[in-house]
Amino acid sequence: MSARDNILNRLRIGARTAFAHPNATTAREAEWAAKQPPIGDPARRFLAEIGKVGTSYLRVPDWTAVPDAVTSWVREYGISSVMTGTTPALEPLREHLRAQGVDTRILAETAETQREEIFNTDCGITTARGAIADTGSLLLIPSAQEPRLLSLAMPVHIALLERANLFPTLADYLANNEFRNQPPTNLVLVSGASRTADIELTLTVGVHGPKVLLVALIG
Amino acid sequence: MTSADPIRYPDKPETVYFFGTCLVDNFYAQAGLAAVELIEREGVRVIFPQGQTCCGQPPFNSGYRDEARRVARAQMALFPRPFPVVVPSGSCGAMFRVHYAELFGGPDTAVSEQAQAREFAARVFEWSEFMHHVLRVRWEDRGPPVRVSYHPSCHLQRELGVRRAPLALLEQLSGVTLCPVEDAEECCGFGGTFAVKQEPISAAMVDDKARKIVAGGAEVLVACDAGCLMNIGGALARQGPAPRVLPLAQFIKERVHEA
Amino acid sequence: MKPDAGRFKVDAARATLNATLRQNLNHTLGLIRARRDAAFEALTAPEELQEIGQAIKQESLARLPELLERLEDRLTARGIQVHWAETADEANAIVLEIARRRGVQLVVKGKTMVSEETELNRFLQRHGIEVLEADLGEYIVQLAQQPPSHIVAPAIHMNRREIADLFHEKLGEPYTVDIEAMTAMARRVLREKFKTAGMGVTGVNFAIAETGTLCLVENEGNGRMCTTAPPVHVAMMGLEKVVANLSDLPTLNRLLTRSATGQAISTYFNWISSPRRRGEKDGPEEVHVVILDNGRSSVYSDGELRDTLACLRCGACLNICPVYARIGGHAYRAVYMGPIGKILTPQLAGLETAGHLTGASTLCGACAEVCPVKIPIPDLLLRLRQEGSQPTAAGRALFGPGAGSQRKPAEAMLWKGWQVLHDRPAYYRAATALARAAAALLPRRAASLSPWGRRRELPVPARASLHALLRNRPGA
Ligand code: SF4
């Protein structure tokens with residue numbers, strides 16, 4: 001017999017001594033959540049939460065205002081090179097940045113072929129699928145157009161988030177069944193710049209991921 | 001382990017049993033007497049069965065359940081009538097109230113004995129808890145002003161869930177100023193046989209505890225468990241000038257006693 | 001590294017006298033406890049949340065075999081390869097086999113306690129594969145050639161000066177005690193490794209059976225790097241990490257990060273449901289999951305001890321434990337230390353080897369109070385002490401509560417004698433009277449010869465017992 005069968009057999013024998021637990025936790029969770037302080041306006045809550053961990057943001061009325069916002073950050077943080085995916089919606093942004101003389105790269109091949117370029121760019125720019133207001137978390141679903149490293153390998157990460165895609169809580173996002181029906185290769189909730197407290201419990205920002213996280217809230 | 005349900009306290013009874021505990025019996029007999037007299041002062045009759053010895057916790061905590069069970073059985077037999085059983089210890093109280101059900105809950109115990117253990121457990125109260133919640137005592141402080149720290153013993157606070165009662169009793173004493181202690185809820189390092197078997201760890205714990213108590217500035221340290229007091233008192237005595245250490249009942253008795 | 005009763009006594013005693021260690025732990029544990037408490041106090045009805053967490057884990061455990069099969073089914077359907085390992089050796093062999101097939105020379109690792117359990121690093125290195133820990137704390141203890149001393153914060157026992165010395169010596173970097181500068185050094189070193197590593201190894205915090213999703217909780221980004229940059233990702237998980245539903249995640253994660261670091265959520269909450277798909281430009285081409293038993297199924301078979309498997313590995317019980325705070329993690333000589341280690345290690349390694357750890361507790365109960373899934377650690381310690389006091393029977397299992405015994409005949413005799421004295425009132429009264437009299441005669445100085453009296457005064461026996469004081473009462 002295989003290890004698999006041995007293990008499962010032992011567990012099945014063990015499971016007979018199990019006491020049945022009613023599958024009632026979902027209702028209890030909802031009840032508990034209802035007791036918590038109200039989240040209020042999701043956008044305001046989201047911005048308050050990301051502020052607590054030092055994430056900066058800009059609010060812009062619509063996509064046409066995004067290039068200027070990004071350009072202002074490029075100046076502020078002394079960014080000399082940026083990288084985006086192949087997302088068509090970001091073409092105006094790329095054009096704008098190039099026109100401003102910013103070294104604007106595209107992750108168009110693969111991480112393997114573009115490795116050195118990826119690890120030697122100042123700033124990655126991605127869209128966000130949405131965000132979770134109560135924990136201040138960006139909901140990133142990397143894709144063929146926007147690979148994972150864009151939000152991970154560069155010292156600065158700029159995330160473009162539409163206000164309409166804010167969910168009050170993680171439970172609210174999961175309840176829409178999008179993930180359940182079609183789990184993506186990777187989903188990552190990002191709640192700030194990369195950090196550690198492994199030396200004397202002292203918070204230090206910028207370990208293996210970005211040192212700076214910037215959010216443009218659109219709408 | 002923590003009793004999830006809030007305890008339902010009975011009305012004031014006419015008669016109670018008193019279980020003195022082996023430590024109080026042998027080291028803090030005066031405190032035991034004080035606890036009894038303070039109950040009697042409220043017009044309640046106290047029965048002290050002379051056959052009592054120990055709740056059985058030492059062997060139980062060491063894994064020797066058969067030995068614990070035999071002693072426990074002998075103890076329960078001494079408290080047959082439905083009177084509350086008052087215990088001047090959070091630890092022994094928890095042994096009765098929380099662990100007798102386990103001790104007599106296994107497949108090798110008779111159903112009747114399981115029921116007996118449950119019935120017994122339900123009428124066990126730690127002394128401060130009983131004074132505060134059942135007798136609802138009101139005291140007049142006759143002593144001089146004094147600074148006091150209270151050590152919340154582990155089983156009292158976590159297994160019996162008694163956190164307020166001892167403080168509520170102390171707060172009634174107008175001359176008493178309570179001194180907070182850093183990390184007050186942390187264990188003193190007694191732990192029964194732990195104090196001897198793991199002496200270096202136990203001593204490190206109680207040294208810290210003693211230091212923090214001294215830093216709190218109290219003149220008197222009170223607690224509801226003789227084990228902790230022996231431990232903390234023993235360490236304080238080695239550290240130099242130290243607060244007086246005594247069981248809560250004895251401290252209160254001294255303060256409210258009519259001269 | 002193997003637990004050992006004799007060495008535990010020595011190591012623990014030595015640790016209590018190590019002023020630097022005590023200072024380091026006081027500082028860090030104090031901070032971490034305060035953060036955890038603040039995070040729970042910010043919630044309404046935090047205890048209720050703990051109860052829900054407990055219910056979720058118990059429900060998942062009750063359905064464990066079914067959920068594991070479902071998990072395997074979902075993962076496989078999306079191209080993640082599932083391996084089962086009965087023992088630590090089997091798990092290591094599986095990882096090695098994958099590494100060999102892919103020609104891997106360098107492995108980067110995210111934090112995984114399961115790989116500590118199997119001692120994967122040593123094993124791979126013996127087979128010529130370089131292994132580098134990427135979590136900063138793990139990286140520090142790896143450089144120091146030490147095991148982690150805490151399940152969440154591996155280098156919690158070291159202060160910045162000790163780490164500065166280490167970095168200076170091992171990395172040849174200019175000496176600095178600046179934490180940011182030291183973090184930057186580690187970042188530089190590890191960055192290069194991420195680019196070239198052939199395999200990333202990580203743990204799993206939650207494996208969702210419903211969707212076949214592996215969830216990793218971390219702050220640094222090392223876990224994301226390990227699951228993104230190398231062409232192969234191997235996730236190692238204890239079989240108890242599976243949970244039934246996607247909808248269980250918000251509660252479990254709320255509890256985990258608040259208990260571990262006091263955060264409402266970690267910086268990265270990374271969900272993996274498949275290898276790189278066609279057209280995707282990064283992410284591993286192969287994802288493997290190694291599901292490890294290593295004694296867990298035996299723990300599982302006991303209805304009471306099974307609660308041990310609900311553990312989220314948050315470390316809150318270590319942080320609050322007065323014993324852990326005095327001796328640190330290394331004295332346990334076990335992968336899992338502190339309160340959870342005291343119940344888990346003896347069950348995985350057997351009572352004969354590790355049963356002594358169950359005695360290193362005052363049963364104060366602080367751990368059970370903070371445990372996010374309400375594991376009744378003191379009750380399980382009592383249960384294991386009871387198991388350990390039984391004589392070894394023939395034909396007992398290799399792992400689990402029945403494995404071996406720590407019974408000492410002399411101790412057993414002592415408790416028998418204790419019982420005889422205490423279930424006969426006349427014996428008890430005579431013996432205690434004798435003992436009190438003897439103690440009164442004892443010179444005070446003799447007290448310091450007993451373990452009790454080494455650093456404590458002996459209590460003074462009562463002149464008259466309470467029995468005597470109350471002899472003339474009613475009911476006497
Ligand atoms: S036993 Fe509880 S408190 Fe300890 S690590 Fe596990 S989940 Fe956390």
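Residues numbered from 1 in each chain as written. Chains lettered and ligands numbered in written order. Predicted model: local features only at pLDDT ≥ 70, side-chain atom pairs only at ≥ 80, totals over all residues. Heavy atoms only, no water.

Caption draft 1: Just the overall build of chain C, in detail. Regarding its fold elements, chain C presents 22 helices and ten strands. Taken over the C-alpha trace, chain C has a radius of gyration of 25 Å; the compact-globule value for 476 residues is 23 Å, and the two agree within 12%. A total of 476 residues make up chain C; the buried ones form 65% of that total. Within chain C, residue pairs in contact and separated by at least 24 positions form 73% of the contacts whose partners lie at least 6 positions apart. With 60 positive and 50 negative side-chain charges, chain C shows a spacing of 8 Å between the two charge centroids. (Helix = DSSP H or I, 4+ residues; strand = E, 2+ residues; numbered from the N terminus. Rg over C-alpha atoms; globule rule 2.2 N^0.38 Å. Buried < 20%, exposed > 50% of the residue type's maximum accessible area, 1.4 Å probe, protein only. Contact = heavy atoms within 4.5 Å. Lys, Arg positive; Asp, Glu negative; His and termini not counted. Charge placed at Lys NZ, Arg CZ, Asp CG, Glu CD.)

Caption draft 2: Quick peek at the side chain of C:Thr362. With respect to the helices and strands, C:Thr362 occurs in the loop between helix 17 (351-354) and helix 18 (366-370). The exposure class of C:Thr362 is buried, given its relative accessible area of 8%.

Caption draft 3: Representation of the pattern of salt bridges in the model. Tallied over the entire structure, the rule returns 59 salt bridges over all chains. The closest approach of N and O atoms between A:Arg4 and A:Asp5, which form a salt bridge, is 3.3 Å. The class of A:Arg4 is partly exposed, set by a relative accessible area of 23%. A salt bridge links B:Arg73 to B:Glu113; its shortest N-O distance comes to 2.5 Å. Separated by 40 residues along the polypeptide, B:Arg73 in helix 4 (residues 65-76) and B:Glu113 in helix 6 (residues 111-122) bring together distant segments of the chain. Residue B:Glu113 is classed as buried on the basis of its relative accessible area of 12%. By sharing partners, the salt bridges in this structure join A:Arg4, A:Asp5, A:Arg12, C:Glu69 and C:Glu72 into a single network. (Salt bridge = Lys/Arg side-chain N within 4 Å of Asp/Glu carboxyl O.)

Caption draft 4: Representation of the packing of helix 2 (residues 19-41) of chain C against helix 12 (residues 249-260) of chain C in the model. All names here are of chain C. Contact pair helix 2 / helix 12: the axes reach a minimum separation of 7 Å and the direction vectors enclose 145°. Between helix 2, through Ile32, Arg36, Ala39 and Phe40, and helix 12, the contact on the second element is made entirely by Leu255, Arg258, Ser259 and Ala260. Of the residues contributing to the contact of helix 2 with helix 12, the split by class is five nonpolar, one polar and two charged. (Axes fitted to C-alpha atoms, helices over the stretch in contact; angles between N-to-C directions. Nonpolar A, V, L, I, M, F, W, Y, C, P; charged D, E, K, R; others polar.)

Caption draft 5: Seen up close, the interface of chain C and chain A. Taken together, the contact pairs 97 residues of chain C with 78 residues of chain A. For the chain C face of the interface with chain A, the top three residues by lost area are C:Arg187, C:Trp271 and C:Lys281, together amounting to 11%. The tally of links from chain C across to chain A stands at eleven salt bridges. Across the pair C:Arg276 and A:Glu112 runs a salt bridge, and its minimum N-O distance is 2.7 Å. In terms of residue class, the side of chain C that touches chain A is built from 42 nonpolar, 27 polar and 28 charged. Alignment of strand 9 (residues 186-190) of chain A against strand 9 (residues 268-272) of chain C, held across five bridges, turns out to be antiparallel. Bridging from a neighbouring strand, A:Val190 pairs with C:Tyr268 of strand 9 of chain C. (Buried area = accessible area lost by both parts, 1.4 Å probe. Pairing = 2+ DSSP bridges.)

Caption draft 6: Just the environment of C:Glu119, in detail. With respect to the element layout, C:Glu119 can be found in the loop between helix 6 (113-118) and helix 7 (120-126). With residues up to four places along the chain from it excluded, the contact list for C:Glu119 reads C:Met1 and C:Asn92.

Caption draft 7: Molecular detail of the sheet that holds strand 7 (residues 156-162) of chain A. All names here are of chain A. Pairing is parallel across the open sheet formed by six strands, whose spatial order is 1-12-7-4-2-3. Two strands close off the open sheet at either side, each with one partner strand: strand 1 (56-60) and strand 3 (103-106). Here the strands of the sheet are splayed against their neighbours by 20° on average, with no regard to which way each runs. Summarising the sheet, strand 7 and strand 12 (residues 212-218) pair through seven bridges and their orientation is parallel. Bridge pairing links Leu161 to Leu217 in strand 12. Strand contacts of helix 4 (residues 66-76): strand 1, strand 2 (81-84), strand 4 (123-127), strand 7 and strand 12, with the helix running at about 155° to strand 1, the strand carrying the most contacts. The strands that helix 5 (residues 91-99) touches are strand 2, strand 3, strand 4 and strand 7; relative to strand 3, the one it contacts most, it runs at about 150°.

Caption draft 8: Up close: the site of the ligand. Surrounding the ligand, one finds C:Ile151, C:Cys311, C:Leu312, C:Arg313, C:Cys314, C:Gly315, C:Cys317, C:Ile340, C:Cys371, C:Pro372, C:Ile375 and C:Ile377. Taken together, the residues of the shell around the ligand sort by class into ten nonpolar, one polar and one charged. (Near = heavy atom within 4 Å.)

What is shown is where atoms sit, not what they do.
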